[in-house]
Amino acid sequence: MDNRDPLRIGIAGLGVVGGAVVRMIQGNEALISQRAGRAIRLAAVCARDRNRDRGFSTETVTWFDDPVTMVRSGEIDVFVELIGGEGGIALESSQAALSCGHHVVTANKAMLAGHGAALAELAEASGVALNFEAAVAGGIPIVKALRESLAGNAISRVYGILNGTCNYILSQMESEGSTFADCLKSAQELGYAEADPTFDVEGIDTAHKLVILTCLAFGTQIAKDEIFIEGISSIEPEDIAAAEQLGYRIRLLGVAQMTDTGIEQRVHPTMVPKDSQIARISGVTNAVAVDGDFVGSIVLSGPGAGGEATASAVVGDLVDIGRGATGFPLGRPAASLVPYQRARMRAHQGGYYLRLHVPDRPGGFATIATYMADAGISLESIVQREGRSRLAGDQAETSFRTVTIITHDTTELAVRDALERIVNEGVVAGRPQMIRIERH
Ligand code: HSE
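Residues numbered from 1 in each chain as written. Predicted model: local features only at pLDDT ≥ 70, side-chain atom pairs only at ≥ 80, totals over all residues. Heavy atoms only, no water.

Colleague: How would you sum up the pairing of strand S9 (residues 248-259)? Please name residues and give values.
Modeller: Direction of pairing for strand S7 (residues 155-161) relative to S9: antiparallel, over a ladder of 4 bridges. For Gly160, the partnering residue across the bridge sits in S9 and is Gly254. Here S9 runs beside strand S10 (residues 262-273); their pairing, made up of 12 bridges, is antiparallel. The residue bridging Leu253 from the neighbouring strand is His268, located in S10. Connecting S9 to the antiparallel partner S10 that follows it, the hairpin turn spans 2 residues. (Pairing = 2+ DSSP bridges. Helix = DSSP H or I, 4+ residues; strand = E, 2+ residues; numbered from the N terminus.)

Colleague: So, helix H2 (residues 29-36): which residues are in play, and what are the values?
Modeller: The α-helix winds at 3.6 residues per turn, so residues separated by three or four positions along the chain end up facing the same way. Here H2 has its buried residues at Ile32, Ser33 and Ala36. Summarising the axial view, the buried residues of H2 lie within an arc of 95°, below the 170-degree limit, and thus occupy one face. Across from the buried face of H2, at angles greater than 90 degrees, the exposed residues are Ala30, Gln34 and Arg35. Looking at the buried residues of H2, the elements they touch are helix H1 (16-27), strand S2 (40-46) and helix H12 (307-323). At the C-terminal side of H2, Gly37 shows a positive phi close to 80°. (Buried < 20%, exposed > 50% of the residue type's maximum accessible area, 1.4 Å probe, protein only. Arc of directions from axis to C-beta. Contact = heavy atoms within 4.5 Å.)

Colleague: Pulling in residues and values, what's your account of the nonpolar core?
Modeller: Core analysis: the largest hydrophobic core is formed by 80 residues, its most contacted members being Phe132, Val136, Ile142, Leu146, Ile169, Ile232 and Met271. Examining the composition of this core, we find that 9 residues originate from one element, helix H10 (residues 204-218), more than from any other. Not counting the four nearest positions on each side in its chain, Leu146 is found in contact with Ala151, Ile155, Leu213, Leu216, Ala217 and Val290. Core analysis: the next-biggest nonpolar cluster, separate from the first, contains 31 residues, Ala20, Val22, Val315 and Leu318 among them. (Core = buried A, V, L, I, M, F, W, Y, C linked by side-chain atoms within 4.5 Å.)

Colleague: Now, about the site of the ligand: what can you tell me, with residues and values included?
Modeller: Neighbouring residues of the ligand: Lys109, Asn163, Gly164, Thr165, Tyr192, Glu194, Asp200, Asp205, Lys209, Gly304 and Ala305. In this structure, Asn163 approaches the ligand through a side-chain N or O atom, which is 3.5 Å from an oxygen atom. In this structure, a nitrogen atom belonging to the ligand sits 2.8 Å away from a side-chain N or O atom of Asp200. Bound to the protein, the ligand loses 89% of the 250 Å² it would expose on its own. Those elements that provide at least two residues to the shell around the ligand are helix H7 (164-176) and H10. (Near = heavy atom within 4 Å. Polar contact = N/O pair within 3.5 Å; in protein donor to acceptor, adjacent residues only side chain to side chain. Areas by Shrake-Rupley, 256 points an atom, 1.4 Å probe, with all protein chains shown as cover.)

Colleague: Tell me about the sheet that holds strand S4 (residues 78-81), residues and numbers included.
Modeller: Taken together, the 6 strands give an open sheet; going across it, the order is S3-S2-S1-S4-S5-S6, and neighbouring strands pair in parallel fashion. Each edge of the sheet is formed by a strand with only one pairing partner; in this case those strands are strand S3 (62-64) and strand S6 (130-131).

Colleague: Any chance you could break down the state of the cysteines for me, citing the residues and the numbers?
Modeller: The full count for this structure, using the stated rule, is 0 disulfides. The thiol sulfur of Cys166 is not disulfide-bonded, and the nearest other cysteine sulfur, from Cys183, lies at 12 Å. Look at Cys166 and you get buried, because its relative accessible area is 0%. (Disulfide = S-S within 2.5 Å.)

So this is what it looks like as structure tokens:
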């Protein structure tokens, strides 16, 4: 292939993102081609239903029913995989494309989390590009930032809001005072959520994106099963209100952090100071923060989901390929990735927010404070809220006070031990709420 020949693009998957990629390539064809230094042309598409009106014309391109057939047709130079799913036809067709020397651009975070290193090795062996800017935080150029612009830094932490659906839900709970279930329903109606919304709300989508960031930031093998994951479905309106009163907001964060004992990879609802940049990110917007030894701390924010923002990342990757860039997909040779050394979650250090339902009788409050002190946990604040709560299903109609605690920095082990004792001793009713705090 001569570098001045048009770069022929084949897209598999014409859903929300695929449709936007077609519109962007067609609408900005002259500009994109000028930037690439050669013509970038949509040559082929592959989708299930040819007859559906998608709002754009595909008359001048070849239609395929099967992505592997498209890959092997000789009609494309770049395979754009927008089918989704960890394995199956998405993986099979991407492997086929790389093996026969086609560049691959994908938005498929689940496939990369499961098979990223093997796909990168295949791309390197074939001397082609495997680009995936769209797989992490939609339109935010964080993959390129880590792989290229920040390549001179030793990175100590990368973290952020990586799921627009969860951020939308938490922001709505904040502004409307509504429940988790109501906000999830409206996120689904707006088209933000994955086909299976448990991927969003239980933190799996964030975890898929986080393992890719960890690999790029620390040069470690992708370790998708070595991640601590907690979703947002247990967050109650009273946690949102308490956070607000205490000077925090709750965000679902994915955090990869270097510690003395290894790297923490964790996804969980997190209380962040209200005046921090991360706390100010609301709605479907994503943000990614990186701490590097020379650059200091940077935060990139922008739309993390939606067809057009994701298409922007896909087409940026195509322009790179048009320019002839085929660097190491994971920022270094895949064979040089080092084993991931996991830091145990129980050794995690930080502050904690705890909410407990304490039967309304003398001594309950004091007992909790004593157990916390016994575990060596220093308290920043302990508040017994006005008003009484009655737990769901509580036949005896006992009344409870809600006790809210913020701890100074301590370890996860100490907090878990103290809570276990408190629960076992019958000092509280129901399951205590525990939310980690990221103060800086
Ligand atoms: N469901 C995802 C989100 C889409 O809400 O962020 C982008 O990966």
